[in-house]
Amino acid sequence: MSRRSGSKYLYEPFDAASARIEAHERVTEERWQGLERRLQAIEAMLERLERRMWLAVYGAAAMFSADAIYKFLTGVQGG
């Protein structure tokens, strides 16, 4: 390609394919960051859900244990 005299930054030929690739890379990076942000939010929600589930399991186990101990101490038979 022929070049003009003067600043190379003013007269450098425009590479449309390169510009499209760079734009696509920027869009892909933004989408990836958004995806990571959403995944982190989902992981945080799953951790909270897991804590609540374990709390429910331990609560039920404590209730059945307390009921069994109460029955044993009072001598109550049956259900």
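Before going into details, it helps to say that this report is about the structure given with it. (Residues numbered from 1 in each chain as written. Predicted model: local features only at pLDDT ≥ 70, side-chain atom pairs only at ≥ 80, totals over all residues. Heavy atoms only, no water.)

**Regarding a nonpolar patch on the surface**
- A cluster of nonpolar side chains, contributed by W32, L35, L39, I42, M45, L46, L49 and M53, occupies part of the molecular surface with about 780 Å² of accessible area.
- Structurally, L49 can be placed in helix α2 (residues 16-74). (Patch = residues over 30% accessible without salt bridge, like charges linked within 9 Å, V, L, I, M, F, W, Y side chains within 5 Å. Areas by Shrake-Rupley, 256 points an atom, 1.4 Å probe, with all protein chains shown as cover. Salt bridge = Lys/Arg side-chain N within 4 Å of Asp/Glu carboxyl O. Helix = DSSP H or I, 4+ residues; strand = E, 2+ residues; numbered from the N terminus.)

**Things to note about the pattern of salt bridges**
- For the structure shown, the criterion picks out 1 salt bridge.
- Residue K71 pairs with D67 through a salt bridge whose shortest N-O separation is 3.4 Å. Here K71 and its partner D67 are both found in helix α2, 4 residues apart, which amounts to about one turn of the helix.
- The class for D67 is partly exposed, based on a relative accessible area of 36%. (Buried < 20%, exposed > 50% of the residue type's maximum accessible area, 1.4 Å probe, protein only.)

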